[in-house]
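Report on the structure
Chain residues, written in single-letter form:
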2 protein chains.
Amino acid sequence: MRRDVFQAIADPTRREIINLIAHNTLNLNAIAENFDVSRPAISQHIKVLTECGLVEITQQGRDRYCNIQFQKLAEVSKWVEQYRTFWTSKLDALETHLLKDAKSK
Amino acid sequence: MRRDVFQAIADPTRREIINLIAHNTLNLNAIAENFDVSRPAISQHIKVLTECGLVEITQQGRDRYCNIQFQKLAEVSKWVEQYRTFWTSKLDALETHLLKDAKSK
DNA sequence: TATATTTGTAAGCAATTACTTACGCAATTA
DNA sequence: TAATTGCGTAAGTAATTGCTTACAAATATA
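It should be emphasised that the depicted structure is a prediction, and the values quoted were computed from it without experimental measurement. Position numbers for residues count from 1 along each chain, tracking the sequence in the order it is written. Think of it this way: whatever chain is written first is A, whatever ligand is written first is 1, and the rest follow in order. Predicted model: local features are reported for residues with pLDDT of at least 70 only, side-chain atom pairs are reported and counted for 80 or more only, and whole-chain, interface and lining totals are derived from all residues. Think of the side-chain values as coming from all heavy atoms in the structure, minus any hydrogens and water.

Another point: the packing of helix H2 (residues 12–23) of chain A against helix H4 (residues 39–51) of chain A. Residues and elements named next belong to chain A. Axis definition: a line fit to C-alpha positions, over the contact stretch in the case of helices; interaxial angles, taken between N-to-C directions, run 0 to 180 degrees. Only DSSP runs of H or I covering at least 4 residues are called helices, and only runs of E covering at least 2 are called strands; the numbering of each starts at the N terminus. Viewed as axis vectors pointing N to C, H2 and H4 meet at an angle of 80°, and their least axial separation amounts to 10 Å. Comparing their axes, H4 and H2 come out roughly perpendicular. Residues Thr13, Arg14, Ile17 and Ile18 of H2 lie in contact with H4, whose contacting residues are Ile42, His45, Ile46, Val48 and Leu49. All residues other than Ala, Val, Leu, Ile, Met, Phe, Trp, Tyr, Cys, Pro, Asp, Glu, Lys and Arg, Gly among them, are scored as polar; the first ten of these are nonpolar and the last four charged. For the contact of H2 with H4, a count of residues per class yields six nonpolar, two polar and one charged. Under this scheme an angle from 65 to 115 degrees is roughly perpendicular, one under 35 degrees roughly parallel, and one over 145 degrees roughly antiparallel; angles in between are oblique. Note on contacts: a residue pair is in contact if any heavy atoms of the two residues lie within 4.5 Å.

Here's what the structure looks like:
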């Protein structure tokens, strides 16, 4: 089973979970309350997130608090940022194109 | 069918395709040569990439050249970069922790 | 101690994914 | 005109995904 960060953040529910626990450390039930799907479904999402290293669990009694491992997101950042120069220069190219277009009117 | 950038870049083959055509505009066969999978498989990957707006096709005779729409990657960048402050500060926290650890020895 | 709460996990299921082979079509080349 | 080239797409398939309900285990509370 492939278990990398890219696959983990592909699911919109998991991205929402990340967003939720980015600000507050929550236990599983508290997370599940924010979604329409069942509690086990969230449990399985959390499992995916822990398996790829994006989330770590801190057990406290019967509660399992979820902490994001933000550094893992750096992997995604690194991949996407290598293209930043491309898309900014492309926007520049579009700009000049539009300017040229506007002038020709 | 969900067709967003996050789902598109979840597949490692598609990320490789992106990397390939980031530098040179290639036609489909030229792309497929770089992979072990069949030509139709690559054709289907390209379809996913075009459907989410990450790739645009320029037809030239029977050749279909693939151009990345880098701006689409800005969506991913925007999402991940919102957490950058978190992961850098977390690294800082780790640093101080390690320093404290080193001192206590 | 009995009950309630928080959770993992198993089993089942429909939908999706990533691939294959087979085919057809349009554009080029001989 | 006939053969070749570049490609999309259909059909089939095995594996994976995202969900459900049902159950069990551990911890907390009455």
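Turning to the environment of glutamate 75 of chain B, a few remarks are in order. Residue and element names in this part refer to chain B. Considering the arrangement of structural elements, one finds glutamate 75 in helix H5 (residues 73–81). Note on classification: 1.4 Å probe, protein chains only; a residue is buried when its accessible area is under 20% of the maximum for its type, exposed when over 50%, partly exposed between these limits. What makes glutamate 75 partly exposed here is its relative accessible area of 38%. Residues glutamate 75 and valine 5 lie 70 residues apart in sequence; the distance between their C-alpha atoms is 7.7 Å. Setting aside its immediate chain neighbours within four residues, glutamate 75 contacts Val5 and Phe6.

A few words now on the protein's contact with DNA strand D. Neighbouring residues are identified by heavy atoms, a residue being near a molecule or strand if any of them is within 4 Å of it. Looking at DNA strand D, there are 24 residues lining it, with Ser38 and His45 of chain A together with Asn29, Ser43 and Arg64 of chain B nearest. The sugar-phosphate backbone supplies 64% of the atoms of DNA strand D found within 4 Å of the protein. A distance of 3.1 Å separates a phosphate oxygen of DNA strand D from a polar atom in the side chain of aspartate 11 of chain A. Contact distances for DNA strand D include 2.9 Å between a base oxygen and a side-chain N or O atom of arginine 62 of chain B. Contributing elements (two or more residues each) for the surface near DNA strand D: H4 of chain A together with helix H3 (28–32), helix H4 (39–51) and strand S3 (63–68) of chain B. Element by element, the count of residues in the surface near DNA strand D is highest for H4 of chain B, at five residues. Here the surface near DNA strand D is built from residues that sort into six nonpolar, nine polar and nine charged. In protein, a polar contact means a hydrogen-donor-capable atom and an acceptor-capable atom, both N or O and within 3.5 Å, with residues adjacent in sequence counting only if both atoms are side-chain atoms; elsewhere, any N or O pair within 3.5 Å suffices.

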